[in-house]
Amino acid sequence: MKRIILASLIAGALSLPALAADYTIIAPAAPGGGWDQTARSMQTSLQQEGIAGNVQVQNVPGAGGTIGLAQFASQSAGNPNALIVGGYVMVGAILTNKSPVSLKDVTPIARLTGEYEAVVVPASSPFQTMGDLVEALKKDPGSVSWGGGSAGGTDHIAVGLIAKAAGVDPTKINYIAFSGGGEALAAILGSQVSAGISGYGEFDAQVKAGTLRILAISSDSKIDGIDAPTLKDAGLDVVVQNWRMVAAAPGLTDEQKTAISGDVEKLVKSASWQETLKTKGWQNTYLSGAAFEEQLAKDISATETILKEIGLVK
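Residues numbered from 1 in each chain as written. Predicted model: local features only at pLDDT ≥ 70, side-chain atom pairs only at ≥ 80, totals over all residues. Heavy atoms only, no water.

A few points about the pairing of strand 6 (residues 174-177)
Phase 1: Alignment of strand 5 (residues 145-148) against strand 6, held across four bridges, turns out to be parallel. When the sheet's bridge partners are listed, Ser145 is paired in strand 6 with Asn174.
Phase 2: Following the chain from strand 5 across helix 6 (residues 154-165) to the adjacent parallel strand 6, one finds a crossover that is right-handed. (Pairing = 2+ DSSP bridges. Helix = DSSP H or I, 4+ residues; strand = E, 2+ residues; numbered from the N terminus. Right-handed = clockwise from strand over helix to strand, strands pointing away.)

Remarks on helix 4 (residues 88-96)
Phase 1: In terms of burial, helix 4 is largely enclosed, as seven of its nine residues are buried.
Phase 2: Those residues of helix 4 hidden inside the fold are in contact with helix 2 (34-48), helix 3 (66-75), strand 3 (82-87), helix 6, strand 9 (241-248) and helix 11 (289-309). (Buried < 20%, exposed > 50% of the residue type's maximum accessible area, 1.4 Å probe, protein only. Contact = heavy atoms within 4.5 Å.)

A look at the packing of helix 2 against helix 10 (residues 271-280)
Phase 1: Between helix 2 and helix 10, the shortest axis-to-axis distance is 9 Å and the interhelical angle comes to 150°. Classified by the angle their axes make, helix 2 and helix 10 are roughly antiparallel. For the pair helix 2 and helix 10, the crossing hand works out as right-handed. Residues Gln37, Ser41, Met42, Ser45 and Gln48 of helix 2 lie in contact with helix 10, whose contacting residues are Ser272, Trp273, Thr276 and Lys280. (Axes fitted to C-alpha atoms, helices over the stretch in contact; angles between N-to-C directions. Parallel < 35°, antiparallel > 145°, perpendicular 65-115°, else oblique. Left-handed = near helix turned anticlockwise from the far one by under 90°.)

Overview of helix 10
Phase 1: Taken together, the buried positions of helix 10 are Ser272, Trp273, Thr276 and Leu277. Relative to the axis of helix 10, the buried residues are bounded by an arc of 145° and lie together on one face. Residues of helix 10 that are exposed and angled more than 90 degrees away from the buried face: Ala271, Lys278 and Thr279.
Phase 2: Looking at the buried side of helix 10, the elements it contacts are helix 2, strand 4 (107-122), helix 9 (254-269) and strand 10 (283-288).
Phase 3: At the C-terminal side of helix 10, Gly281 shows a positive phi close to 75°. (Arc of directions from axis to C-beta.)

Some points on the packing of aromatic side chains
Phase 1: Across all of its chains, the model carries two aromatic pairs by this definition.
Phase 2: Ring centres of Tyr88 and Trp243 lie 6.3 Å apart, and the angle between their planes is 10°; on these two criteria the pair is classed as stacked. Here Tyr88, found in helix 4, pairs with Trp243, found in strand 9; they are 155 residues apart in sequence, far enough to count as distant.
Phase 3: By relative accessible area, Tyr88 is classed as buried at 9%.
Phase 4: The exposure class of Trp243 is buried, given its relative accessible area of 7%.
Phase 5: Ring geometry for Trp273 against Trp282: centres 6.3 Å apart, planes inclined by 50°, an arrangement best described as tilted. A single burial state applies to Trp273 and to Trp282, both of which are buried. (Phe/Tyr/Trp six-rings, centres within 6.5 Å; stacked < 30°, edge-to-face > 60°.)

Here we look at the confidence of the model for the chain
Phase 1: The predicted model of the chain has a mean per-residue pLDDT of 91, with 94% of residues at 70 or higher.
Phase 2: This stretch, residues 8-17, has a pLDDT under 50; its non-local contacts, to residues over four places away or in other chains, come to zero contacts. (pLDDT = per-residue confidence, 0-100.)

Laid out in structure tokens, this is it:
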């Protein structure tokens, strides 16, 4: 009888579906920004789709994500339940902050999304067009203050490229870095800066509400649903797309990395994630495995070149 009961228990256990993994996702920035939104959108979809059982998000802001990255690399080694979001901003911050920890110290899993930069001003701003803003920039670069994300990140790079395209010395720009999208948005809405720059998704609600005016978008052609000219339309030969990624802890086995990659692939193919892309205005730039690692190496090299050109890296 004991053998029959034991056999039944084993058979029952084998027939049960594998338990979904639990994850803790580090958003290496303050609440409200793109990384925070990405982490929380992942949290929602992973749980809603049953890909993960319990998902927690922790904010570790500072230094363009390098503080969170360093903490993650040191404290999560070998932990298959730990993830961190990052992206183009982090690549630049690692270089400008001369961070001792880089993306080589974690396990890149996949590029998830891409988002174009938007240049906005408060509704009360005297700048009606991108041309107006560029004219003021040419007259006195220091008089135009730009509010955006971390120093050396996508927003900072975009402003440097805008200045360069306008014939202004990029090292003269007056860029004010904020550690989170919420802080930057408050400064822009409060007219504490002349203009704001970030991924369009961070300004969408305020643009639609009429409290912010969008002057230009950094795409190569006009985007459906966004009533704004491109920087190219404004006479500036600049195209910039911010991308975001997810990485796992260092020191994982091949099996653990494969399992995480599988969960992320399920995530990006899920209906709820596709809806998130649509509502946030994010482009699907999913790339994983060796192809992503190869592209990441190219992006790091290209970013270093750009940062040197605009005087942010010696």
